[in-house]
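Coordinate inspection notes
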Amino acid sequence: MSAQLEWITEADHRIKTPVLQVEDLAISYETRKGDVPAVRDVSFDIMRGEAHGIVGESGCGKSTVAFGIVNFLGRNGRIVDGHILFQGQDLVGQAPEELRRIRGDRIAMVYQDPMQALNPSMRLGDQMSEVLIVHRDMEKAAAEEKCVDMLKRVYMADPANVMRRYPHQISGGQQQRVVIAMALLNDPALLIMDEPTTALDVTVEAAVLDLIAELQRVFDTAIMYISHNLGVVARVSTKVGVMYAGEIVERATVREVYLHPFHPYTQGLMRCVPRLGMDKRSSFLYPIPGRVPSPANLPPGCIFEPRCDYARERCRLKKPELRQMEPGHLARCHFAEEVAQMGWEPPEEMLADLATPLEYDREAEPILSISHAKTYYEAPSKQLIGGEKLYVKAVDDVSITVQKGETLGVVGESGCGKSTLVKTIIGMERPSGGEFEFMGVDVSTPVSQRDLSIIQELQMVFQNTDSTLNPSFTVGAQIGRPLRRFNAVPKEQIRGEVVRLLGMMKLGERYYDRLPRQLSGGEKQRVGIARAIAARPELVLCDEPVSSLDVSVQAAVLNLLMEIQAELGTTLIFIAHDLSVVRFFCDHIAVMYLGQIVEFGPSEAIYAPPYHPYTEALLSAVPIPDPSVEQKHIRLSGNVPSALNPPSGCRFRTRCPRLLGEICETEAPPCQHASDEHRIHCHIPMEELRKMEVVITVGD
Amino acid sequence: MLVKDYMTRHPLMAQPTMSIVEAQRFMGENDIRHLPVVGDGKQLLGLVTRQSLLVEPGKLGSLNIWEITGYLTELTVKDVMVKAKEVITIEQDTTIEETARTMVQRKIGCLPVVDDGVVVGIITETDLLAKFMEVMGGNVSGVRVTMRTPNKVGELAKLVNAIAAQGWGIWALGGALLPKDRTKYDVVVKLRHVPKDEVVAALSKVEGQEVVDVREM
């Protein structure tokens, strides 16, 4: 047989001009203290139909690059150097009128928060068709027809009906679909997406990511995808650029970057995120020490040098260039070859800081036991007079026990009642029924009626640190307050104790007199944790404490929580939506759906068959930052039904991909025990559940 | 096989105000021969081809180099383009053979694809030739056989059956009447992963048909 002909694809004769070519871009913001170079020396290109990811921690200039492309830099921002070639034409230096036309017709942008991108006072149909009416002079009827078509393409159920609704009348995932549909109406050559799924649940996120991948194929649209989440970028992009402090430090295909990173920063990022399957007893998370330098105050040599484990004299003196390490793989490091060769050993001071996780006594009496807990919110009746009272059943018949010193993870989509459960335990919501026993004391009373000693033993860490720290009190005063309230230490020792706590949080005494606004996100969360543990509580409830933090900060906070637990023997209840974090951090996991626990068990048991069908779907949706991992493809359709009127029988049946039949509709699922500690609420017989395939398989 | 599947989406386009010096450079740098000119909302205003950029010497007032330069700098794409109403366009849902016919009849190499006056893509003779190559299996290696059959119903079925009887699959197939003998029909078949001799042996037994050409490529 003759030699194989070169496989010529139809794309081979097409134009080779990249859709977007950014060359040596530098963007500065003018401030009173002079120009701040937010982005420097950034170059990358995106070919037609390609998805290019940009990852990096917050404040490293990802969004500034995007804003530079669409000229949204604001009054004080400007492009000081470089070129942005869009379809062969330079956007830098074009007349504003030309720019407006090119950008309006051929570039579209999708932002993080769909609610902010949509006008709350206009019907969705009106705001969508406006795009076509204004840009294309279309007739209203024709424009609306086109909008309905586009909504169908993004798999919006009942599009004609959605057109008549207002933004608040549809869910977050649907809003994001509307925004994406709107962005595609003009058939853009380039679609810039700035963290489009960050505000969404994992299941919705997975569906939106699938949609993006499909649209990219069908419409041949080039996509620039900005995210801080390594897993999400790995799922959608073909190539990825890693940004650090305003520069691209590494750029290659997704596989290369994830499996063979050259730059110390990229390697550091990989060590910060728990891989699914890792747990705290077998491995560690290694945060990157220090923090991103402010663009106004950059180190003279390599920008990563102050945080780099491999830094040498040359790194301090000379700024490295972005060099080609292998064909198509660029890195900005003087010693990249060596760094990639050398194995990484954690420095000694870091090892000394890493605590061995607490081994709790599995036989001890439970510290918290809840049985048949119910928290209902009364909803206004639909009738004016009389009528039945309606209840939103936020938590409905939940039973859990927590052992002293263990960590219980609670996972589930938003609106499943995780936070309500925690708020009921701590007494911020009054339970509608059930028994709550904490250290042998009944705690079904609201916090105002509780004994001070009980309040002291139960503390909470919140997700949003900005709204939980008082902006006008100093850090010292805020951490000192519980000490004063609970008389935990004599008055004259309070300052000393606060300083000790600050030390434990790795913050130091100089933070004592600072105000919250002078702290970074991670530091604020540390203060929040210090405040919660100040009075030495037995149980700390953490409501998504790391969700809003960058990966390297997240690793540091998780390590800190582990250390506190090992030192004080604190019991933790940990709410999170990131399943790899929960797997890593928790001993037991409760999976909640619509106010009920559908699966409960030791964390390793949750991640392997038998699964509850809902857990299976959740696992299949987690974005994993490892291209060698294979995941089963299961997508849940529809939204979480309203807790006002939950489905009869099994609550998950309306979305269940493994629906059995009538029995799911008529009867509440029985509790089946896979092992002593592992229980699943499902009609599917245990033998069938055991036969399920593993959702996540780690490749070579 | 419709235009929308084979056209180039998001073609490079120009604004009417682009100078022809710039347009010349733009087309050269990006190696394109056709440049649609669009206004607001990607409405097609015209088309610039290499011919449009050829400035007739007769139009020049003088051959003074300074005047030529001045004349050229003032010329924009709008002045030289083929105006939209004279540009032959095509819709997305047209079949590719119809597209080819339009190109052949009008002797043109490129058709902007429009939807309601808005440019959604461009399809050129190269796109069609690339497709033709695929239809004939020109992008894969295998055995290419030309069978000469009588021009009547049932002959192709006979050939296909003979191939199927061997358990082979057909990768690509195309055919046309002989230019000089309308009673004969040539069918070209591309088969993959089969030895050439076996193909000849099997197909020469097909009654009434003749193997006129076999090659491995």
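Sequence order as written defines residue numbering, which begins from 1 separately in each chain. Written order decides the labels, with chains lettered from A and ligands numbered from 1. Two thresholds apply to this predicted model, a pLDDT of at least 70 for residue-level local features and 80 or more for giving and counting side-chain atom pairs, whereas whole-chain, interface and lining totals are computed over all residues.

1. A few points about the overall build of chain A
For chain A, the helix and strand inventory stands at 26 helices and 26 strands. Note that the radius of gyration is over C-alpha atoms, with the globule rule given as 2.2 Å times the number of residues to the power 0.38. Compactness check: chain A gives a C-alpha radius of gyration of 27 Å against a globular reference of 27 Å for 700 residues, within 12% of the reference. Here chain A holds 700 residues, and the buried ones make up 47% of them. Here contacts are defined at the residue level, using C-beta atoms placed from the backbone and a cut-off of 7 Å between them. In chain A, 68% of the contacts between residues at least 6 apart in sequence involve partners at least 24 apart. Helix and strand assignments come from DSSP, with helices taken as H or I runs of at least 4 residues and strands as E runs of at least 2, each series counted from the N terminus. The exposure label follows from counting other C-beta atoms within 10 Å of a residue's C-beta, where the C-beta atoms are placed from the backbone and the thresholds are 20 or more for buried and 12 or fewer for exposed, leaving partly exposed in between.

2. Here we look at the overall build of chain B
Secondary structure summary: chain B contains 8 helices and 10 strands in total. Here chain B has a C-alpha radius of gyration of 24 Å; the compact-globule value for 217 residues is 17 Å, and the former is much larger. Put simply, chain B has 217 residues, and 27% of those count as buried. Expressed as a percentage of contacts within chain B between residues at least 6 apart in sequence, the contacts between residues at least 24 apart total 66%.

3. A look at the domain arrangement of chain A
All names here are of chain A. According to the domain assignment, chain A contains domain 1 (20–237), domain 2 (266–351), domain 3 (366–588) and domain 4 (608–698). Of note, the centres of domain 3 and domain 4, computed from C-alpha atoms alone, are 29 Å apart. Taken together, the contacts link 10 residues of domain 3 with 7 residues of domain 4. Among the elements that make up the side of domain 3 that touches domain 4, the one with the highest residue count is strand β14 (residues 390–403) (4 residues). All residues other than Ala, Val, Leu, Ile, Met, Phe, Trp, Tyr, Cys, Pro, Asp, Glu, Lys and Arg, Gly among them, are scored as polar; the first ten of these are nonpolar and the last four charged. Partitioned by chemical class, the residues of the side of domain 3 that touches domain 4 number 6 nonpolar, 2 polar and 2 charged. Domain limits in this description derive from either an automatic procedure or a database domain assignment.

4. Describing the sheet that holds strand β3 (residues 44–49) of chain B
Residues and elements named next belong to chain B. A strand pair is defined by DSSP finding two or more bridges across the two strands. As summarised here, the arrangement of the 3 strands in space is β2-β3-β4, forming an open sheet in which the pairing is antiparallel. In this open sheet, the two strands that pair with only one neighbour each are β2 (34–38) and β4 (82–83). Bridge count between β3 and β4: 2 bridges; the pairing is antiparallel. For L47, the partnering residue across the bridge sits in β4 and is V82.

5. A short note on unusual backbone geometry
Between P609(A) and the following residue, P610(A), the backbone shows a cis peptide bond with an omega angle of 0 degrees. If you check the backbone angles, K42(B) has positive phi at about 55 degrees while not being a glycine. By the secondary structure assignment, K42(B) is in the loop between β2 and β3. Residue class for K42(B) comes out buried when judged on the 24 C-beta atoms lying within 10 Å of it.

6. Examining the interface of chain A and chain B
On the chain B side, the residues contacting the 25 residues of chain A number 22 residues. When contributions to the side of chain A that touches chain B are tallied by element, the ones reaching two or more residues are α2 (96–106) and α4 (124–136) of chain A. The dominant element in the side of chain A that touches chain B, judged by the number of residues it contributes, is α2(A), at 3 residues. Class assignment for the residues of the side of chain A that touches chain B results in 8 nonpolar, 7 polar and 10 charged.

7. What about the pairing of strand β13 (residues 366–379) of chain A?
All names here are of chain A. Where β13 and β14 come together, 11 bridges link them in antiparallel fashion. The residue bridging T375 from the neighbouring strand is V395, located in β14. Looking at chain direction, β13 and strand β16 (residues 433–438) are connected through 5 bridges and run antiparallel. When the bridges of β16 are listed, K374 appears paired with G433.

8. Quick notes on the confidence of the model for chain A
For residues with low pLDDT, the predicted coordinates do not support detailed interpretation. Confidence of the predictor at the level of single residues is given by pLDDT, which spans 0 to 100. On average, residues of chain A score 87 in pLDDT, and 97% of them reach the 70 mark or higher. Low pLDDT, under 50, characterises residues 1–5 of chain A; the predicted model gives this stretch 8 contacts beyond four residues in sequence or across chains.

9. Here's the deal with the environment of L660(A)
Turning to its location among the elements, L660(A) is positioned in the loop between β23 (629–631) and α25 (662–666). If near-sequence neighbours (up to four positions away) are discounted, L660(A) is found in contact with H683(A) and I684(A).

10. With respect to the nonpolar core
The tendency in soluble globular proteins is for nonpolar side chains to be buried as a group. For the purposes of this analysis, a nonpolar core is taken to be any set of buried Ala, Val, Leu, Ile, Met, Phe, Trp, Tyr and Cys residues that are connected through C-beta atoms within 7 Å. The biggest cluster of nonpolar side chains holds 192 residues, and the ones touching the most others in it are L190(A), I573(A) and F574(A). Sort the elements by how many residues they give to this core and helix α21 (residues 551–568) of chain A lands first, with 10 residues. Once residues lying within four places of it in the same chain are set aside, the contact partners of I573(A) are V402(A), L408(A), V410(A), V422(A), L539(A), L541(A) and C542(A). The next biggest cluster of nonpolar side chains, apart from the first, holds 29 residues, and it includes A14(B), I32(B), C110(B) and I123(B).

11. Here we look at helix α1 (residues 62–70) of chain A
Most of α1(A) is tucked away, with 7 of its 9 residues classed as buried. Among the residues of α1(A), those classed as buried are K62(A), S63(A), T64(A), V65(A), F67(A), G68(A) and I69(A).

12. As for the domain arrangement of chain B
Per the domain assignment, the segments of chain B are domain 1 (3–131) and domain 2 (136–216). For domain 1 of chain B versus domain 2 of chain B, the distance between C-alpha centres works out to 41 Å.

13. Some words on helix α8 (residues 202–219) of chain A
Residues and elements named next belong to chain A. Under the convention used throughout, the expected extent of a helix is 1.5 Å for every residue step, that is, one less than its residue count. Between its first and last C-alpha atoms α8 spans 25 Å; for 18 residues at 1.5 Å apiece the expected length is 26 Å, and the two agree. Those residues of α8 lying buried are V202, T203, V204, E205, A206, A207, V208, L209, I212 and Q216. The elements touched by buried residues of α8 are β3 (51–55), α7 (172–184), β8 (222–227), α9 (230–236) and α24 (613–621). One or two positions beyond α8, positive phi appears at D220, with a value near 60 degrees.

14. Concerning the pairing of β16(A)
Residues and elements named next belong to chain A. One ladder, built from 2 bridges, connects β16 with strand β17 (residues 441–442); its direction is antiparallel. Bridge assignment links F438 to a residue of β17, and that residue is V441. Taken together, β16 and the strand that follows it, β17, pair antiparallel across an intervening segment of 2 residues, in which M439 is found at a positive phi of about 50 degrees.

15. Thoughts on the sheet that holds strand β7 (residues 190–194) of chain A
Residues and elements named next belong to chain A. Pairing is mixed across the open sheet formed by 8 strands, whose spatial order is β6-β7-β8-β3-β9-β10-β12-β11. For this open sheet the edge positions go to β6 (107–110) and β11 (323–326), each flanked by a neighbour on one side alone. Here the strands of the sheet are splayed against their neighbours by 20 degrees on average, with no regard to which way each runs. Fitting a line to C-alpha atoms yields each axis, with helices limited to the stretch in contact; the angle taken between N-to-C directions then spans 0 to 180 degrees. Here α7 sits on the sheet in contact with β6 and β7, set at roughly 170 degrees to β6.

16. A word on the packing of helix α20 (residues 521–533) of chain A against α21(A)
When two helices pack together, their arrangement is given by the angle between the helix axes and the distance between those axes. All names here are of chain A. Between α20 and α21, whose axes approach to 10 Å, the crossing angle comes to 15 degrees. By the criterion of interaxial angle, the relationship of α20 to α21 is roughly parallel. Where α20 crosses over α21, the handedness of that crossing is right-handed. Residues G521, G522, Q525, R526, I529 and I533 of α20 form the contact with α21, whose participating residues are V553, A556, V557, L560, L561, I564 and L568. Of the residues belonging to the contact of α20 with α21, the class tally is 9 nonpolar, 3 polar and 1 charged. To sort the angles, those under 35 degrees are grouped as roughly parallel, those over 145 as roughly antiparallel, those from 65 to 115 as roughly perpendicular, and the leftovers as oblique. Crossing handedness is defined as follows: a turn of the near helix away from the far one that is anticlockwise and smaller than a right angle gives a left-handed crossing, while the clockwise case is right-handed.

17. Focus on the confidence of the model for chain B
Residues and elements named next belong to chain B. Mean pLDDT for chain B: 89, with 100% of residues reaching 70 or above. Per-element mean pLDDT across chain B ranges from 84 in helix α3 (residues 65–74) up to 94 in β3. Taken together, the chains of this predicted complex give a pTM of 0.86 and an interface ipTM of 0.82.

18. Brief notes about the packing of helix α11 (residues 264–272) of chain A against α21(A)
Residue and element names in this part refer to chain A. Viewed as axis vectors pointing N to C, α11 and α21 meet at an angle of 45 degrees, and their least axial separation amounts to 8 Å. With respect to α21, the element α11 is oriented oblique. Considering how the two elements wind past one another, α11 and α21 form a crossing that is left-handed. Judged by residue contacts, G268, L269 and C272 of α11 engage V551, S552, Q554 and A555 from α21. For the contact of α11 with α21, the residue count by class is 4 nonpolar, 3 polar and no charged.

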